[in-house]
Amino acid sequence: MADITVRSASIGSPDSRSSLHKLMQRKSTIAFLMALPLILLITVLVAYPAGYAVYLAMLNKSMTKFVWFKNFDFLFTRDTFWMVVYQSCLFAITAVIFKALIGFIVAHFVHNIPSKGQRKWRGMLLVPWVIPPAMSTLAWLWLFDPSYSAFNWLLQPFGLGPIPWLGETGWARFSVILVNVWVGAPFFMIMYLAALKSVPEQLYEAAAIDGATWWQRIWYVTLPMMRNIIAITALFSTIVTFANFDIVRVLTKGDPLNTTHLFGTWAFRLGIESNDIPLGSAVSLFMVPILAVAAVFILRDITKRGSEV
Amino acid sequence: MASRKVTRRFVAKTAAASTALIAAPFVSGVHAAGKLTLGLWDHWVPDANKASQALIDEWAAKEKVEVTVDYITSQGNKLLLTIAAESQARSGHDILALSTWLPAAYQEQLVPMNDIVDPLIKQNGAVNGTVEYLGKVGGQWLGVPATIGSQLKGPVSRIDLMKKHAGIDIQELYPAGAPPKADSWTLDAFLKAAEACHKGGVPFGIGLGTTSDSVDSVGAFFLSFGAELVNAKGEITVKTDKVKQAMEYMKKLVAFLPPDAASWDDASNNKWLVSGKGALIMNPPSAWAVAKRDAPQIAEQCWHHGFPAGPAGRFGPFLPFYWTTWKFSKNASAAKSLLTHLSSPSAVEKMVVASGGYDIPAFANLTTLKVWAEESPPKGGLYHYPNPHNHQILSIAAAPAPHKIAQQIYTQGVQTQMVVRYATGQPLEKVLDWASSEIEGFMRT
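Residues numbered from 1 in each chain as written. Chains lettered and ligands numbered in written order. Predicted model: local features only at pLDDT ≥ 70, side-chain atom pairs only at ≥ 80, totals over all residues. Heavy atoms only, no water.

Caption draft 1: Structural context of the overall build of chain A. Looking only at helices and strands, chain A has 15 helices and zero strands in total. Whereas a compact globule of 309 residues would reach a radius of gyration of roughly 19 Å, chain A reaches 27 Å, over 25% beyond that. Viewed in the frame of its principal axes, chain A has a C-alpha envelope of about 100 × 70 × 35 Å. Across the 309 residues in chain A, those meeting the buried criterion constitute 41%. Counting contacts in chain A only where the partners sit at least 6 residues apart, residues at least 24 apart contribute 67% of the total. About 17700 Å² of surface is accessible on chain A, with carbon and sulfur atoms providing 73% of the total. (Helix = DSSP H or I, 4+ residues; strand = E, 2+ residues; numbered from the N terminus. Rg over C-alpha atoms; globule rule 2.2 N^0.38 Å. Buried < 20%, exposed > 50% of the residue type's maximum accessible area, 1.4 Å probe, protein only. Contact = heavy atoms within 4.5 Å. Areas by Shrake-Rupley, 256 points an atom, 1.4 Å probe, with all protein chains shown as cover.)

And the structure:
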């Protein structure tokens, strides 16, 4: 009874109540509480799976022993792994460059359309991006199909083909990159269009008065004003493209001769199809350092320019 | 402290309630024997699921068990992912369909089934060597050989095109209702036929990708030469004369296959047959069933038959499913009872009929059911599909290697990749070095 009295006295004391009150009044506390749902969400959906993947990657094949970094050591000795690294880099870099170029050009076209009809064009051009990629890739698979390829049918009257779109390494790599560009270019287009709309018209007017050519206006006005958007879009797209799974899985399943595998599809082949979950996890984790380095460089550049402004 | 008066009525009520509580689990109700969940392979043949559902319902009503059946498609690896997830979570279906390599892969987590498989073998006849190799590890059956989904991926030829271009009467070699007269159906004859059909503009449709159909076909060719990449002891045997012979043969054959065979998946050969572009594919009767629906004039020219014989014998690629029970299942005894029911000859026949002859029971006495002789058109076209005269050795690619190595050779398509590498100009020694190096990697424990 005495204890309870003492404890309740201390809880109810004006000092502790005011310190709690002060704590709750602090901006940092409020910010923390407001961010708490997001922190919980990230812990459950990102941190835990990522930590679990790291844990799995450090187990032996039969998942009975902790082997630290032996799976990674092993991967470094495999030719197929290095081919997957090469293909992932080729796929992501080529696709992002083409998506950025096409997005930039199309964004200019759309920007120059009178605002009355622009909405329709924007909607139509976004279609490849809003269709679930697994579904649209199925349509591409039919276009490339060995027996019924519509592309080969179109080429036939001109004496061209048949092209083994998915059967020969060069063509298969071209095909998976093409589909990725088709799916992803509208995202660049819409981001660049938003950036173009935010460039003050006065800058172009001043450039025109100074006698700037079309190219000089692009180079000295448009591009510097869009630089941050271009960097962020490229970073975001690089991450998503590196982590691509569905396009390769539906189109080639990594064939021919594993030459179209990306980290994701190769991890699936090893982890799920070959029942080597630790090795599959180790492969999938290789994306992290590559993307982390890219993210650090790009974000550092953006921050630097932000502080210059 | 307030006291409560204990009345006679109170004592009577308490006694009645206690009795009811204690006796409750033994009261014979509608689902008194508990619950059972099944994850079965979702059949390609539209109405085939209905037959298994009816058999399960019949058993459930008799045994008073509440049964839930999930038909899980193998499209998009859904079944494979479900199995992996249940294994990791240690929770899931009481009975789950596992194909080919998976019982061995999950052997530590599966309930041994010797107590029901051994009596079933006595009742229904012996199982073939591949069913035993894949399903019985260390003397223990890891699952009950399942009827649903078990298939043989032997050749299915176009009667008309084979006659016209290769001069082969496939019905004469494999007559309906009679043992095969196929001594002349050898690898050499097969190669000549492939060349003739290629010249005639209807090439054989054999894939060289890394999916199951391609791997099964190429694996059977390898076995026909006695070419093993890893032997039963787990020793790498890539650089042997038999493997080299198989590679030389395959290089010749690839020249007569479609140019993009390296990218074929499991649907490509079906489309090849149904489109009328090819004279032969390696597939169970699903391609024929689609043709029956979409291109009946092609279906009536399809004849299922045995593999060509090589120096080491005649090998037909067989892919069995198993019905398994996890060790964490809460109702393993009910699961075993249901699996015994599903493996009775009458149940098996119902499932095979519902699948239009697609499913092949593992047990010898059940491979001569009427359905294969009667399915049409053409009548008798499926007669030789289940290997009724044990004309060929039922096999699986990468056998007889230890399971954990063989599974990786199979799923990563090492044999098909070897063939494509050699056929596209890589020197044989370099290809064999590559294969050895890959397989060395599979040896890690």
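Caption draft 2: Quick look at the packing of helix H13 (residues 263–273) of chain A against helix H3 (residues 78–89) of chain B. Relative orientation of the contacting elements H13 of chain A and H3 of chain B amounts to 60°, with a least axis distance of 11 Å. It follows that H13 of chain A is oblique to H3 of chain B by the angle criterion. Residue-level contacts link Phe268, Ile272 and Glu273 of chain A of H13 of chain A to Leu80, Leu81 and Ala84 of chain B of H3 of chain B. In terms of residue class, the contact of H13 of chain A with H3 of chain B is made up of five nonpolar, no polar and one charged. (Axes fitted to C-alpha atoms, helices over the stretch in contact; angles between N-to-C directions. Parallel < 35°, antiparallel > 145°, perpendicular 65-115°, else oblique. Nonpolar A, V, L, I, M, F, W, Y, C, P; charged D, E, K, R; others polar.)

Caption draft 3: Main features of the environment of proline 103 of chain B. Residues and elements named next belong to chain B. Looking at where proline 103 falls in the secondary structure, it is placed in helix H4 (residues 102–105). Considering only alpha carbons, one finds proline 103 and serine 217, 114 residues apart in sequence, at a separation of 22 Å. Discounting chain neighbours no more than four positions away, the residues touching proline 103 are Leu98, Leu110, Leu134, Leu142 and Tyr322.

Caption draft 4: Seen up close, the pairing of strand S2 (residues 66–72) of chain B. Residues and elements named next belong to chain B. Here strand S1 (residues 35–41) pairs with S2 via seven bridges, running parallel. By the bridge assignment, leucine 36 is partnered in S2 with valine 67. Running through helix H2 (residues 48–63), the crossover from S1 to the neighbouring parallel element S2 is right-handed. (Pairing = 2+ DSSP bridges. Right-handed = clockwise from strand over helix to strand, strands pointing away.)

Caption draft 5: Molecular detail of the nonpolar core. Of all hydrophobic cores here, the largest spans 151 residues; its most connected members are Phe190, Phe204, Phe221, Phe222, Trp323 and Met418 of chain B. Shared between two domains, this core takes at least three residues from each, and those domains are domain 1 (35–150 + 320–362) and domain 2 (152–318 + 378–442) of chain B. Each residue touching phenylalanine 222 of chain B, except ones within four places of it in the same chain, is listed here: Ala227, Leu229, Val243, Ala246, Met247, Met250, Gln415, Met418 and Val419 of chain B. Phe74, Phe242, Ala267 and Leu291 of chain A belong to the second largest nonpolar core, which has 21 residues in total. (Core = buried A, V, L, I, M, F, W, Y, C linked by side-chain atoms within 4.5 Å. Domains from an automatic or database assignment.)

Caption draft 6: A look at the packing of helix H10 (residues 212–224) of chain B against helix H19 (residues 414–423) of chain B. Residues and elements named next belong to chain B. H19 packs onto H10 with a crossing angle of 80° between their chain directions and a minimal axis gap of 8 Å. Considering the angle they form, H10 stands roughly perpendicular to H19. Residue-level contacts link Ser214, Val215, Val218, Gly219 and Phe222 of H10 to Gln415, Thr416, Met418 and Val419 of H19. Of the residues contributing to the contact of H10 with H19, the split by class is five nonpolar, four polar and no charged.

Caption draft 7: Fine view of the interface of chain B and chain A. Counting from both sides, the interface comprises 36 residues of chain B and, opposite them, 35 residues of chain A. Summed over both partners, the interface of chain B with chain A buries about 3100 Å², with 48% contributed by carbon and sulfur atoms. Looking at the side of chain B facing chain A, the largest losses of area belong to Gln88, Lys271 and Arg444 of chain B, adding up to 20% of the total buried there. Counting across the interface, chain B meets chain A through three salt bridges. Residue lysine 253 of chain A is joined to aspartate 265 of chain B by a salt bridge in which the shortest nitrogen-to-oxygen separation is 3.8 Å. (Buried area = accessible area lost by both parts, 1.4 Å probe. Salt bridge = Lys/Arg side-chain N within 4 Å of Asp/Glu carboxyl O.)

Caption draft 8: Representation of the pattern of salt bridges. A complete count under the given rule lists 15 salt bridges over all chains for this structure. Glutamate 273 of chain A is paired through a salt bridge with arginine 269 of chain A; the nearest N and O atoms lie 2.6 Å apart. Remark: arginine 269 of chain A and glutamate 273 of chain A occur in helix H13; sequence separation between them is four residues, near one turn of the helix. Taking the relative accessible area as the measure of exposure, arginine 269 of chain A reaches 2% and is therefore buried. A salt bridge links aspartate 294 of chain B to arginine 293 of chain B; its shortest N-O distance comes to 2.8 Å. A single salt-bridge network, built from bridges that share partners, covers Arg249, Arg269 and Glu273 of chain A.

Caption draft 9: Main features of H3 of chain B. With twelve residues, H3 of chain B extends 16 Å between its outermost C-alpha atoms, agreeing within 8% with the 16 Å of an ideal straight helix rising 1.5 Å per residue. For H3 of chain B, the full list of buried residues reads Leu79, Leu80, Thr82, Ile83, Ala84, Glu86 and Ser87 of chain B. Tucked inside the fold, the buried residues of H3 of chain B contact H13 of chain A together with S1, S2, strand S3 (95–99), H4 and strand S10 (315–324) of chain B. Phi for arginine 90 of chain B, located one or two positions after H3 of chain B, is positive at around 50°. (Expected span 1.5 Å × (residues − 1).)

Caption draft 10: Layout of the sheet that holds strand S7 (residues 155–158) of chain B. Residue and element names in this part refer to chain B. If you walk across this open sheet you meet the three strands as S8-S7-S9, and the pairing is antiparallel. Each edge of the sheet is formed by a strand with only one pairing partner; in this case those strands are strand S8 (280–282) and strand S9 (302–304). Taken pair by pair, the neighbouring strands of this sheet meet at an average axis angle of 20°, ignoring direction. With three bridges joining them, S7 and S9 adopt antiparallel strand pairing. Bridge pairing links valine 156 to histidine 304 in S9.

Caption draft 11: Region of interest: the packing of aromatic side chains. Residues and elements named next belong to chain A. Evaluation of the coordinates by the stated rule reveals 42 aromatic pairs over all chains. The interplanar angle of 50° and the centroid separation of 6.1 Å between the aromatic rings of phenylalanine 69 and phenylalanine 72 together place this pair among those described as tilted. Between phenylalanine 81 and phenylalanine 286, the aromatic rings sit 4.7 Å apart at their centres with planes inclined by 55°, giving tilted as the arrangement. Linking phenylalanine 81 in helix H5 (residues 79–112) with phenylalanine 286 in the loop between helix H14 (277–285) and helix H15 (287–308), this pair joins segments that are 205 residues apart in sequence. (Phe/Tyr/Trp six-rings, centres within 6.5 Å; stacked < 30°, edge-to-face > 60°.)

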